[in-house]
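Breakdown of the fold
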Amino acid sequence: MPHDMAVVDKLRASDKPIFLVVNKVDNDRFRNEAAEFYALGLAEPLWTSCVQNDGIRELLDRVVETLPETDETAHDAPATVKIAIVGRPNVGKSSLINSLLGEERLIVDERPGTTRDAVNIRIVHDNIPFEVVDTAGMRRKSAINDELESATVQRAIHSIRQSDIAVLVLDATQDVAQQDKAIAHFIQRQGKASVLVINKWDLIDKDNTTHPTFMHAIDAQLPQLGYVPRVFASALSGQRVTQILTTALEVYREYCTHIPTPALNELLTELRNAHPPPRVKSARPALKYITQVETKPPTFLIFGRNVHRVQQPYESYLVNSIRKEFGFHGTPIRIFYRRS
């Protein structure tokens, strides 16, 4: 088809190894008819049938043979941790970065929309390189009537997607707003590790109940980020500003953690014996095996019977138990299911 030719032209321009895979070749008749794919001018086609699991092993062998050799020394240098500083306008994002740098690098103004573009700044803290991105304040769409501001908010969203850690900045002198909740939900939905920074903490009159009251209010207003560590800071006085990077590094290490499969299955057995999944329509899910398939964010795959009947409360029980056993502070946990 013409689209096939267009894709081939794009791939040729990439100067990468190309495999021509012809799928759905379920019998010899299809193989004879598929000979027209030689017209694409690529290497010898690899005939596969996913339904019959035919040709897949050969394809994987060919791919592995083509992979470049790894450079063991490349892992010696610490990776740069990318942090996006996000929040509503005027919560003090640029002021926090200026305080981290110890100089006035970013424009600070009380009017919303001062930061018009995402600004990338490199910082080294405890011998770890960080790339901190100051983003535009994110307001409700209905509050934006400036095309330039709308574009900068889109770039802020892009910065969250490209980051390792999203630092959500709140204003201690104001209640949690609907936009704070929307940003928190977006961070959680993107699977990003995060840190909550409550800025302007120096402006709050404090007693023995102030800190617990704020913690309780944040738990109630931002339940989707209940697993996220909080830093009460002041960009103006510099109070706990460097703690933001220290906490972000701790969260990043949790974000990259991989748990051995035997330890996971030992925990799953304990949880299953203590509280089996409840029956749904007379069928009880049977969770047999768990393994971690990804990091950033930590992602787990559970095999079993009737796993499609696992309800949200029981999944929350699994997630909370994994956190209690293995940590993962500040990072979302994803669980997927597959029939045995």
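Residues numbered from 1 in each chain as written. Predicted model: local features only at pLDDT ≥ 70, side-chain atom pairs only at ≥ 80, totals over all residues. Heavy atoms only, no water.

In the annotation of an unreviewed UniProt entry, the entry for the protein reads GTPase Der, and the organism field reads Geodia barretti. Here is the UniProt Sequence similarities (unreviewed entry) comment for the protein, exactly as written: "Belongs to the TRAFAC class TrmE-Era-EngA-EngB-Septin-like GTPase superfamily. EngA (Der) GTPase family." (UniProt positions renumbered as here; feature names shortened; annotations may be inferred.)

Digging into the nonpolar core
Formed by 29 residues in total, the largest nonpolar core has its most connected members in Ile83, Phe130, Ile165, Val167, Val195 and Val197. The set of elements that each furnish at least two residues to this core consists of strand E3 (81–86), helix H4 (93–101), strand E4 (119–125), strand E5 (128–134), strand E6 (165–171), strand E7 (193–199) and helix H8 (241–255). For this core, the leading source of residues is H8, giving eight residues. Apart from residues no more than four positions distant in its own chain, valine 197 is found in contact with Leu96, Val167, Leu168, Val169, Leu170, Val231, Ala233 and Ile244. Core analysis: the second largest hydrophobic core is formed by 22 residues, Ala84, Ile160, Phe186 and Trp201 among them. (Core = buried A, V, L, I, M, F, W, Y, C linked by side-chain atoms within 4.5 Å. Buried < 20%, exposed > 50% of the residue type's maximum accessible area, 1.4 Å probe, protein only. Helix = DSSP H or I, 4+ residues; strand = E, 2+ residues; numbered from the N terminus. Contact = heavy atoms within 4.5 Å.)

Regarding the packing of helix H9 (residues 261–274) against helix H10 (residues 312–326)
The N-to-C vectors of H9 and H10 enclose an angle of 130 degrees; their axes lie 11 Å apart at closest approach. With respect to their mutual orientation, H9 and H10 come out oblique. Where H9 crosses over H10, the two elements pack in a sense that is right-handed. When H9 is examined against H10, the residues Ala263, Leu264, Leu267, Leu271, Arg272 and Ala274 are found in contact with a partner set consisting of Tyr314, Tyr317, Leu318, Ser321, Ile322, Glu325 and Phe326. (Axes fitted to C-alpha atoms, helices over the stretch in contact; angles between N-to-C directions. Parallel < 35°, antiparallel > 145°, perpendicular 65-115°, else oblique. Left-handed = near helix turned anticlockwise from the far one by under 90°.)

A short note on the environment of leucine 59
Note on placement: leucine 59 falls in helix H3 (residues 56–66). What makes leucine 59 buried here is its relative accessible area of 19%. Distance in space between the C-alpha atoms of leucine 59 and valine 21 is 8.2 Å, their sequence separation being 38 residues. In this structure, leucine 59 is in contact with Val21 and Leu46, ignoring residues within four places of it in sequence.

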